[in-house]
Amino acid sequence: MALAPEDMDFISNFSTLWAVFLGAILATLGGFAATQMEWYIDRRRRERNAALFFGEVMTTLNIILGYADNTKKIGDPYGPITMRMLRSAKGEIDMYHRNREQLYDLSHADLRARLHTLTLRIMMSIDGVFDATSAIEAAEQQLEIPNLSPDERTKSEARLAALRLTREGSYEFIGESALQLRNVIRELEPIARFSYDAVEKAVRNA
């Protein structure tokens, strides 16, 4: 049976509509794929920047704590130089806290948790050293009071000894936490695509 002219027009219009429909689907899929690719690239870029930043902060913190440990072995263990080193370490931790929102750009939840917990532990331990040092200075001044009764002197000396033990315990906790910094830094390196040995070498040479 021969097709009528109007049948040919219908087939032609149907083919045109199908081509438009197919083109719209392909355009939508292409736009979706482009958006996903753009999101993926931006996500990787932000993750790398976060790893670079936190890796550098943790490396600097690790180096400063190493210097503090060296100065503690020379002269007064908690003299001005050691305390200055610990204040510098606190400054690096403050920098971490000011940029903490970048932590969520790291996709490894376990790494994020360990990095944050480790930083808090070091910060609280440094604060413990500072607080104990202030209390020790006050206790030492009290022992210099003239005409201090034997009972009060005994109590002050016992309190001073306890404060010194507390300070030493806080410092030892800093050292224990600092040992774990190296592992965190090593885990950040492949994400940052950068070796922090270069940073450590540059700082130590400087």
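Data block above holds the structure.
Below: a short report on this structure. (Residues numbered from 1 in each chain as written. Predicted model: local features only at pLDDT ≥ 70, side-chain atom pairs only at ≥ 80, totals over all residues. Heavy atoms only, no water.)

**Examining the environment of Arg153**
1) Next: Checked against the element boundaries, Arg153 lands in helix α4 (residues 150-192).
2) Next: On the basis of relative accessible area, Arg153 is assigned to the partly exposed category, the value being 30%.
3) Next: Sequence separation between Arg153 and Gln142 is 11 residues, and the spatial gap between their C-alpha atoms is 8.6 Å. (Helix = DSSP H or I, 4+ residues; strand = E, 2+ residues; numbered from the N terminus. Buried < 20%, exposed > 50% of the residue type's maximum accessible area, 1.4 Å probe, protein only.)

**A short note on unusual backbone geometry**
1) Next: Of note in this structure, Asn147 is not a glycine but carries a positive phi near 60°.
2) Next: Tracing the backbone through its elements, the reader meets Asn147 in the loop between α3 (109-143) and α4.
3) Next: Even without being a glycine, Arg193 presents a positive backbone phi close to 55°.
4) Next: Inspection of the secondary structure assignment puts Arg193 in the loop between α4 and α5 (197-205).
5) Next: For Arg193, a relative accessible area of 53% puts it in the exposed group.

**Regarding the packing of aromatic side chains**
1) Next: One pass over the full model with this rule turns up four aromatic pairs.
2) Next: Pairwise contacts between aromatic rings join Phe53, Phe54 and Tyr96 into one cluster.
3) Next: Positioned above the aromatic ring of Tyr171, the side-chain terminus of Lys72 is 4.9 Å from the ring centre. (Phe/Tyr/Trp six-rings, centres within 6.5 Å; stacked < 30°, edge-to-face > 60°. Lys NZ or Arg CZ within 6 Å of the ring centre and 35° of its normal.)

**A word on the side chain of Thr119**
1) Next: As for its position among the elements, Thr119 is in helix α3.
2) Next: Judged by relative accessible area, which is 2%, Thr119 ranks as buried.
3) Next: Apart from the residues lying within four places of it in its own chain, the contact partners of Thr119 are Met58, Ile93 and Tyr96. (Contact = heavy atoms within 4.5 Å.)

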